[in-house]
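A closer look at the structure
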Amino acid sequence: MRNVTLIKTEKGKSSEAWKSVKPVQAVIKNWVVAWFANKFPGKTKLKFYKLMGLSIGANAQVMPDQKIDIFFPENISIGENSIVGQDCFFACHEFNVDEFRYGKIEIEKNVLIGARCFLLPGIKIGAGSLVSAGTVIYKDVPNGVLAFGSPLQFKELKKKATK
């Protein structure tokens, strides 16, 4: 089970529940900053993401066209030396029929996330793991594995021989 906070709502009202935990003006600011972030390359983009509240480790790389959660960007952490491929979606929240959920997305150090991955709230991607392009991460990924497929599967990564 993912580590998320649940807010029960009336049926069909979950898309309004975020207002009980986040000021509207903060979300508008994050939307504007996220828009600008996607217009700039490299380290400039990371400065915008940090302004939104993301925690980004040393030497982390984030490719273009990310979809950063504008409601809870402070719930996203990207570990040192990690790489996030192009056009990934970080969803720190979900609207369901009668509940609103939100939680953290934690990417530990030395992780590679392929292009167009979708990361759901309440997950952690373990250190040294690889996530195949297009993968939906809906549960924790252990350290040092390849995460791939639908449904999500894991395969142990072989250690490289050192000289």
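Note that the structure is predicted; figures quoted are calculated from it, not measured.

This part takes up the packing of aromatic side chains. Under the definition given, this model contains ten aromatic pairs. With a centroid separation of 5.0 Å and 85 degrees between ring planes, the pair formed by Trp35 and Phe36 is classed as edge-to-face. With relative accessibility at 44%, the residue Trp35 sits in the partly exposed group. On the numbers, 4.7 Å between centres and 10 degrees between planes, the contact of Phe89 with Phe118 is stacked. Of the two residues, Phe89 sits in strand S7 (residues 89–90) while Phe118 sits in strand S12 (residues 118–119), which places them 29 residues apart along the sequence. Every member of this aromatic cluster is reached through a ring pair, and the members are Trp18, Phe71, Phe72, Phe95, Phe100 and Tyr102.

In spatial order, the strands read S4-S7-S12-S15; together these four strands make up an open sheet with parallel pairing. In this open sheet, the two strands that pair with only one neighbour each are strand S4 (67–68) and strand S15 (136–137). Judged from the two bridges that link them, S7 and S12 form a sheet pairing that is parallel. Residue pairing in the sheet places Phe90 in a bridge with Leu119 of S12.

The rules behind each value
Residues numbered from 1 in each chain as written. Predicted model: local features only at pLDDT ≥ 70, side-chain atom pairs only at ≥ 80, totals over all residues. Heavy atoms only, no water. Phe/Tyr/Trp six-rings, centres within 6.5 Å; stacked < 30°, edge-to-face > 60°. Buried < 20%, exposed > 50% of the residue type's maximum accessible area, 1.4 Å probe, protein only. Helix = DSSP H or I, 4+ residues; strand = E, 2+ residues; numbered from the N terminus. Pairing = 2+ DSSP bridges.

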